[in-house]
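Residue strings, one per chain:
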Amino acid sequence: MALSLNREKLERWFPFLTWPRPDRALLTGEAMAGITVALMVIPQGVAYAALAGMPLVTGVYASLLPALIGVLFSASTRLSVGPTALSSLLVAASIGPFAVPGSSEWVQLAVWLALMSGAIQLVLGFGGFGWVLRLVNSPVLMGFTQAASVLIVLSQVPALFGFTGRSPSQLLQGPMPDLIAIAFGLGSLAALWVAKQRIPRFPAPMLVVGATAALSALFGYALKGGAVVGTLPSGLPSFYWPGLLPFDTFGALLLPAIMITLVSFLETASSAKVDNARAGRLWNENQDLIGQGLAKIASAFSGAFPTSSSFSRSAINLYAGAQTGWATVACVLLIGAALLWAMPLLYHVPQSVLAAIVVIAMFGLVRPQQFVALWRVSRIEAVTAGVTFVLTVLTSPSIYWGVLAGLLMSLGHFMYGHLHPRIIEVGLHPDGSLRDRGIWNLPALAPTLYALRMDAPLDFATASTLERNITTALAERPNLTDVCLFAQPINRIDVTGSEIFGAVRRLLESKGVRLHLSGLKLPVQLLLERAGLLAPGPLLFVYRTDAEALASLEVSLSPQTEAP
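Residues numbered from 1 in each chain as written. Predicted model: local features only at pLDDT ≥ 70, side-chain atom pairs only at ≥ 80, totals over all residues. Heavy atoms only, no water.

S.K.: Mind showing me how you'd approach the overall build of the protein here?
M.R.: Per the secondary structure count, the protein includes 23 helices and eight strands. Seen through its C-alpha atoms, the protein measures out along the principal axes to roughly 100 × 65 × 50 Å. When the 564 residues of the protein are sorted by exposure, 51% land in the buried category. When contacts within the protein are restricted to residue pairs at least 6 apart in sequence, those whose partners lie at least 24 apart make up 80%. For the protein, the accessible area works out to roughly 26,000 Å², and carbon and sulfur atoms hold 67% of it. The distance from the centre of the 34 positive side-chain charges to the centre of the 28 negative ones in the protein is 9 Å. (Helix = DSSP H or I, 4+ residues; strand = E, 2+ residues; numbered from the N terminus. Buried < 20%, exposed > 50% of the residue type's maximum accessible area, 1.4 Å probe, protein only. Contact = heavy atoms within 4.5 Å. Areas by Shrake-Rupley, 256 points an atom, 1.4 Å probe, with all protein chains shown as cover. Lys, Arg positive; Asp, Glu negative; His and termini not counted. Charge placed at Lys NZ, Arg CZ, Asp CG, Glu CD.)

This is the structure in structure tokens:
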């Protein structure tokens, strides 16, 4: 028994202990899946490093140790951890006001972003606070994701069309565009698009990178002044310590670090839910927070930038047949080998090809029709998504303001709904159920009875509305003799709710009106009993079911119901 408990504790802290012991058949399948993902992640890593403004080799560094640490300590073992487009964009947007892209100061700040966001995820995971990140709802995430995708595509337009080094606003300034770069960029974009549509499991980015590198070397594109990847250092990453930051700079990075944490978690959630659903198990979000947090810290100490789970690469991992975390181990081994021996092969890759790789990853995320579909379902949430989208674009590079605005709008809508609970007068529907009298045009249960149902908790935000509703009914209908509260939907009550319930009971008793309570849930009933508010009295009646309440009311009010 003690051994079993110790084993459970070890598996809680070291999830990789639950992996199956590998055999030849398993390792063969996992190796093929790992190789497939590695052939995609290497060119993507270089492209996303360029998007983040980092030295290009750090994109490969971010795909090595972080991927291994992430899979060892995450509950979702088939996710591909490494650089992603959204996280890279956030890094560039966050550091832009403080340093020059690619400089040592830029790298230092990017590493601190990885450390800070990783530490936040660790705290949330170890504290069991994964639920906090659910505050960002689907419309806000949709608006931000689509706006970020548009910004990413726009940021790649200069490189894609041969204007490397210029911002979109500078396209018409300086020399004419590089036509060869345009050919490489658009040709790669077309090839990647066809491959994505026809053979989505095929690692097309590596094939495109290899083919364009060969053509670039053959035509001497680099010697003619063309923008290529250039020399990348070979060898595994060494330990990197960023040094201390001034307090004001650290404070300025805190909000972007929280934003990166949020976006990273939501990226992870989109992949983890699919992975765990296919495996037939519940998603352990807190353990994945721990794994992702450790991965970011590993990326920082590798001299790289914040990582996340890539939805596209995770999908490729699943499609390629990955069953366990051993596929990621195989992927990491191949990336390590590439760092040792294959970096010179990337020298001649045109930078417009890297831009094409980033753009093609974003095409699936830009879906204007989602706003139309959301408008049909909920106009308020569609406006929230639209405001998030517009503000994210307009406030670039400080793109987190769009999410903050969307989050505040969502919370405001939530609070408005909670402060305006649904309280209805019920009538008896022909099918025997109690329904809204106003909607279904139903007669009252009895002329001197006010029968109502509250579809909300009875707490500090809603209780005053219930009190006001009953007080208004008493004022408008002076002939009332009975009030019946069908309380089955009330699933929670707090002290404020109990105090106002007591005030309502005293008000009714002062007017000689009988109070009927039907279907009180046990937690609500226990709190009211502890407060002494369900003490027996001649004007209080409590029923377990609505049927019991209706039967009793029919008997007690029969003289009134029979009156002409």
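S.K.: Help me out: how do you make sense of unusual backbone geometry in this one?
M.R.: As a rule of thumb, non-glycine residues mostly have phi less than zero, and peptide bonds are mostly trans rather than cis. Even without being a glycine, Asn441 presents a positive backbone phi close to 55°. Among the structural elements, Asn441 can be located in the loop between helix H18 (437-440) and strand E5 (449-454).

S.K.: Looking at this structure, I do not really get the packing of aromatic side chains. What am I missing?
M.R.: Given two aromatic rings, one states the distance between the centres and the angle between the planes to describe the pair. Applying the stated criterion to the full structure yields eleven aromatic pairs. Ring geometry for Phe14 and Phe73: centres 6.2 Å apart, planes at 55°, overall tilted. You can see Phe14 sitting in the loop between helix H1 (2-13) and helix H2 (24-52) and its partner Phe73 sitting in helix H4 (residues 65-73), a full 59 residues away along the chain. Taking the relative accessible area as the measure of exposure, Phe73 reaches 17% and is therefore buried. Every member of this aromatic cluster is reached through a ring pair, and the members are Trp112, Phe239, Trp241, Phe250 and Phe301. In this structure, Arg435 is placed above the aromatic ring of Trp440, and the distance from its NZ or CZ to the ring centre is 4.8 Å. (Phe/Tyr/Trp six-rings, centres within 6.5 Å; stacked < 30°, edge-to-face > 60°. Lys NZ or Arg CZ within 6 Å of the ring centre and 35° of its normal.)

S.K.: Would you mind showing me how to read empty space enclosed by the protein here?
M.R.: Once rolled over the atoms, a probe with the size of a water molecule shows which space is left empty. Per the counting criterion, the structure on display carries four cavities of 30 Å³ or more. Looking at the largest cavity, its volume works out to about 80 Å³. Around the largest cavity sit 13 residues that line it, and Val37, Ser80, Val81, Thr328 and Cys331 are the ones nearest its centre. Only H2, strand E1 (80-82) and helix H13 (326-341) provide two or more residues apiece to the lining of the largest cavity. The dominant element in the lining of the largest cavity, judged by the number of residues it contributes, is H13, at four residues. Class assignment for the residues of the lining of the largest cavity results in eight nonpolar, five polar and no charged. (1 Å grid on protein atoms, 1.4 Å probe; cavity = no way out; pocket = protein on both sides within 12 Å on 5 of 7 lines; lining within 4 Å. Points joined across faces, edges and corners; volume = space filled by probe spheres on them. Nonpolar A, V, L, I, M, F, W, Y, C, P; charged D, E, K, R; others polar.)

S.K.: Please explain the side chain of Asn317 as it appears in this structure.
M.R.: Secondary-structure assignment places Asn317 in helix H12 (residues 311-319). Of note is the side chain of Asn317, whose polar atom sits 2.9 Å from the backbone oxygen of Arg78. In contact with Asn317, other than residues within four places in its own chain, are Ala33, Val37, Arg78, Ala322 and Ala327. (Polar contact = N/O pair within 3.5 Å; in protein donor to acceptor, adjacent residues only side chain to side chain.)

S.K.: What exactly am I supposed to notice about the pairing of E5 here?
M.R.: For a regular strand, the rule is simple: side chains alternate between the two faces of the sheet. Along E5, six of the six residues are buried, which leaves the element largely enclosed by surrounding structure. Of the two faces of E5, both are covered, the one formed by Leu449, Ala451 and Arg453 as well as the one formed by Tyr450, Leu452 and Met454. Two strands pair when backbone bridges link them, and strand E3 (residues 423-428) and E5 are joined in this way by three bridges, in the antiparallel orientation. Pairing of Ile424 across the sheet is with Arg453, part of E5. Across five bridges, E5 lies against strand E6 (residues 482-486) in parallel orientation. When the sheet's bridge partners are listed, Arg453 is paired in E6 with Phe486. Crossover handedness for the path E5 to helix H19 (residues 463-476) to E6: right-handed. (Pairing = 2+ DSSP bridges. Right-handed = clockwise from strand over helix to strand, strands pointing away.)

S.K.: Looking at this model, I keep getting lost on H12. Mind explaining?
M.R.: Count 3.6 residues to each turn of an α-helix, and residues three or four apart come out pointing the same way. Among the residues of H12, Arg313, Ser314, Ala315, Ile316, Asn317 and Leu318 are the ones counted as buried. One side-chain oxygen at the N-terminal end of H12 lies 3.1 Å from the backbone nitrogen of Arg313; it belongs to Ser310.

S.K.: Would you mind showing me how to read a nonpolar patch on the surface here?
M.R.: Where nonpolar side chains cluster on the molecular surface, the patch consists of Leu10, Trp13, Phe14 and Phe126 and spans about 410 Å² of accessible area. Relative to the assigned elements, Leu10 resides in helix H1. (Patch = residues over 30% accessible without salt bridge, like charges linked within 9 Å, V, L, I, M, F, W, Y side chains within 5 Å. Salt bridge = Lys/Arg side-chain N within 4 Å of Asp/Glu carboxyl O.)

S.K.: Whenever I open this one, H19 confuses me. Can you help?
M.R.: The terminal C-alpha atoms of H19 lie 20 Å apart, and with 14 residues this matches the ideal 20 Å at 1.5 Å per residue to within 8%. Where H19 is concerned, the buried positions are Ala463, Thr465, Leu466, Ile470, Ala473 and Leu474. Considering only its buried residues, H19 is in contact with helix H17 (400-419), E3, E5, E6 and helix H20 (495-510). (Expected span 1.5 Å × (residues − 1).)

S.K.: In this structure, what is going on with the nonpolar core? I would like to understand it.
M.R.: Nonpolar side chains in soluble globular proteins generally cluster together in the buried interior. In this structure, Met54, Ile95, Phe144, Ile152, Phe305, Ile335 and Val349 are the most contacted members of the largest nonpolar core, which totals 99 residues. Apart from residues no more than four positions distant in its own chain, Phe144 is found in contact with Leu90, Met259, Val263, Thr388, Thr392, Ile399 and Val403. Grouped together as the second largest cluster of nonpolar side chains are 31 residues, Ala456, Leu520, Val524 and Leu533 included. (Core = buried A, V, L, I, M, F, W, Y, C linked by side-chain atoms within 4.5 Å.)

S.K.: Honestly, the side chain of Asp482 in this entry has me stumped. Any pointers?
M.R.: Looking at the element boundaries, Asp482 is found in strand E6. A polar contact of 2.6 Å, which involves the side chain of Asp482, links it to the side chain of Thr481. Excluding residues within four positions of it along the chain, Asp482 makes contact with Thr448, Leu449, Tyr450, Val513, Arg514, His516 and Leu557.

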